[in-house]
Amino acid sequence: AWVMGLPNLRVPFEEWHPGLRVRPDRVDLTAYQGLQELPAKLQGCAARVLELRVQSGAFTTLPTWLGELARLKSLNLSRCEQLTTLPAALGALKALQTLNLPWCRGLRVLP
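*Asks:* Pulling in residues and values, what's your account of the pairing of strand β4 (residues 74-78)?
*Replies:* β4 sits mainly inside the fold: five of its five residues count as buried. The alternating pattern of β4 places Ser74, Asn76 and Ser78 on one face and Leu75 and Leu77 on the opposite face, and all of these are buried. Here β4 pairs with strand β5 (residues 98-100) via three bridges, running parallel. Across the sheet, residue Ser74 finds its bridge partner in β5, namely Thr98.

*Asks:* Hey, could you go over the side chain of Asp28 for me, with residue numbers and the actual values?
*Replies:* Here Asp28 shows up in strand β2 (residues 26-28). Exposure remark for Asp28: the relative accessible area of 14% places this residue in the buried category. Among the polar contacts listed, one links the side chain of Asp28 to the side chain of Thr30, at a separation of 2.5 Å.

*Asks:* Got a sec to walk through the pattern of salt bridges? Specific residues and values, please.
*Replies:* Enumeration according to the criterion identifies three salt bridges in this entry. The partner of Arg26 in a salt bridge is Asp25, with the nearest N and O atoms 3.3 Å apart. When salt bridges with common partners are traced through the structure, they connect Asp25, Arg26 and Glu51 into a single cluster.

*Asks:* How would you summarise the confidence of the model for the chain if you had to cite specific residues and measurements?
*Replies:* When pLDDT is averaged across the chain, the result is 78; 78% of the residues are at 70 or more. No element of the chain has a lower mean pLDDT than helix α1 (residues 13-16), at 46, and none a higher one than β5, at 94. Confidence drops under pLDDT 50 across residues 1-15; counting only partners more than four residues distant or on other chains, this segment forms 31 contacts.

*Asks:* Which residues make up the state of the cysteines, and what are the values?
*Replies:* Covalently bonding the sulfur atom of one cysteine to the sulfur atom of another cysteine gives a disulfide. Tallied over the full model, the rule gives zero disulfides. Looking at the unpaired Cys104, the closest cysteine sulfur is the one in Cys80, lying at 4.8 Å.

*Asks:* Explain unusual backbone geometry to me, and be specific about the residues and the numbers.
*Replies:* With glycine set apart, most residues show a phi of negative sign, and most peptide bonds adopt trans. Backbone geometry at Arg79 places phi at a positive 60 degrees, although glycine is not the residue there. Residue placement: Arg79 occurs in the loop between β4 and β5.

*Asks:* Break down the nonpolar core for me, with residues and values.
*Replies:* Counting residues in each nonpolar core, the largest one holds 25 residues, and the members touching the most others are Leu38, Leu52 and Leu77. Counting residues per element, the ones that place at least two in this core are β3 (51-55) and β4. When residues no more than four places from it in sequence are discounted, the contact partners of Leu52 are Val27, Leu29, Leu38, Leu42, Leu66, Leu69, Leu72, Ser74, Leu75 and Asn76.

The rules we used
Residues numbered from 1 in each chain as written. Predicted model: local features only at pLDDT ≥ 70, side-chain atom pairs only at ≥ 80, totals over all residues. Heavy atoms only, no water. Buried < 20%, exposed > 50% of the residue type's maximum accessible area, 1.4 Å probe, protein only. Helix = DSSP H or I, 4+ residues; strand = E, 2+ residues; numbered from the N terminus. Pairing = 2+ DSSP bridges. Polar contact = N/O pair within 3.5 Å; in protein donor to acceptor, adjacent residues only side chain to side chain. Salt bridge = Lys/Arg side-chain N within 4 Å of Asp/Glu carboxyl O. pLDDT = per-residue confidence, 0-100. Contact = heavy atoms within 4.5 Å. Disulfide = S-S within 2.5 Å. Core = buried A, V, L, I, M, F, W, Y, C linked by side-chain atoms within 4.5 Å.

Written as structure tokens, this is what we have:
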């Protein structure tokens, strides 16, 4: 199967990342709890993503390009227990309505 409807992205779904569920506007990574970083290919669909869900205790940082997800309305970083800071680039997310950080116990700094 191919991931369709995402600009600049035409790769087999299996090559994206195991456990990744994608719609043109929603990315759900909660099935892959050992994820250590966001897939770089997600940056290629920055103009389309409205919702991003991550559940991983292995995250320590988030990429600064996360601020390029200009249409992002909902960011759910559930159980990212090793995450200590959020990138200042999150301040560029003008459409962001919901920032959900349950069980992100390591967070010490918010932008």
